[in-house]
Amino acid sequence: LWHGSDNREIPPLWGRFEEIFTPHFEAAPSERSYGACGPMDADGAFDYLMAIELGPRSAPGDGMTVWQIPAGRWAVFATPLGKIHETFHAIHAEWLPASGEALRAAPWLERYGPEFDGTPESVLEILVPVA
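None of the values given here were measured: they were computed from a predicted structure.

**Quick look at the overall build of the protein**
1) Next: Scanning the protein for helices and strands turns up three helices and six strands.
2) Next: Of the regular secondary structure in the protein, the N- to C-terminal order runs β-α-α-β-β-β-α-β-β.
3) Next: The C-alpha radius of gyration computed for the protein amounts to 15 Å, which stays within 12% of the reference 14 Å derived for 131 residues, consistent with globular compactness.
4) Next: In terms of its C-alpha atoms, the protein occupies a principal-axis envelope of roughly 45 × 30 × 30 Å.
5) Next: Of all 131 residues assigned to the protein, the portion counted as buried reaches 37%.
6) Next: The long-range fraction of contacts in the protein, counting pairs at least 24 apart against all pairs at least 6 apart in sequence, stands at 69%.
7) Next: By element, 54% of the accessible surface of the protein is carried by carbon and sulfur atoms, the whole surface being about 8,100 Å².
8) Next: On the protein, the mean spot of the 8 positive side-chain charges and the mean spot of the 19 negative ones are 6 Å from each other.

Here it is, written out as structure tokens:
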């Protein structure tokens, strides 16, 4: 779990992801991984959690944090990694005001499939919780 306001600190954290989560992937219900973004506070800081789904036979390891993600509707946006900041900005500044959708209380998610390889061209999905 990371807390801060400079999201440039997040990518280097993913370097440790594989070593920490590899033992847990065998029991996970999918090969997807996630970045979960908590709400921003008044100072512009937020929580960011790198995650996998826990299956019925899996338990979090020592020092791991568990977030329950509420079920509900999600607006899904595919984007190459190299354009992730641009896409987040467009969702906030353009899509959300024009869509008529209201946000609901849940983390925003980044969903990385098994084919994601970390290159700027590699595609991930941004899931926005809508009411």
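**Side note on the confidence of the model for the protein**
1) Next: Considering every residue of the protein, the mean pLDDT works out to 88; 93% of them sit at 70 or more.
2) Next: Within the protein, helix α2 (residues 17-25) has the poorest average pLDDT of any element, 71, and strand β4 (residues 73-80) the best, 98.

**Focus on helix α3 (residues 84-99)**
1) Next: Along α3, the helix axis deviates most sharply at Ile91, where the bend reaches about 40 degrees.
2) Next: Within α3 the residues assigned to the buried category are Ile84, Thr87, Phe88, Ile91 and Leu96.
3) Next: Buried-residue contacts for α3 involve β4, β5 (108-112) and β6 (123-130).
4) Next: Just downstream of α3, Gly100 is the residue with a positive phi angle, here 80 degrees.

**With respect to the sheet that holds strand β3 (residues 46-52)**
1) Next: Strands sit in the order β1-β3-β2-β5-β6-β4 across an open sheet of six strands; the sheet is antiparallel. On the outer flanks of this sheet lie β1 (2-4) and β4, each paired with one strand and no other. On average, each strand axis in the sheet is inclined to that of its neighbour by 20 degrees, with strand direction left out of account.
2) Next: The pairing of β1 with β3 spans three bridges and is classified as antiparallel. Opposite Trp2, over in β3, you have Tyr48 as the bridge partner.

Conventions used here
- Note on numbering: residues in each chain are counted from 1, in written sequence order.
- Totals for whole chains, interfaces and linings use every residue, but because this is a predicted model, local features are given only for residues with pLDDT of at least 70 and side-chain atom pairs only at 80 or more, for both listing and counting.
- Only heavy atoms go into the side-chain values, all of them from the structure, while hydrogens and water stay out.
- Helix and strand assignments come from DSSP, with helices taken as H or I runs of at least 4 residues and strands as E runs of at least 2, each series counted from the N terminus.
- We compute the radius of gyration from the C-alpha atoms alone; for a globule the expected value is 2.2 Å times N to the 0.38, where N is the number of residues.
- Classification of residues uses two cut-offs on accessible area relative to the type maximum, computed with a 1.4 Å probe and protein chains only: under 20% is buried, over 50% is exposed, and between them is partly exposed.
- We call two residues contacting when some pair of their heavy atoms lies within 4.5 Å.
- Only the protein chains shown count as cover for residues, and all accessible areas are computed by the Shrake-Rupley method using a 1.4 Å probe.
- Positive residues here are Lys and Arg, negative ones are Asp and Glu, while His and the chain termini are left out of the count.
- Think of each charge as sitting on NZ of Lys, CZ of Arg, CG of Asp or CD of Glu.
- On a scale of 0 to 100, pLDDT captures the predictor's confidence in every residue.
- Two axes are fitted around each residue, one to the seven residues ending there and one to the seven starting there, and the angle between them is reported as the bend at that residue.
- For two strands to count as paired, DSSP must find a minimum of two bridges between them.
- Here the axes come from fitting lines to C-alpha atoms, over the contacting stretch only for helices, and the angles between their N-to-C directions go from 0 to 180 degrees.

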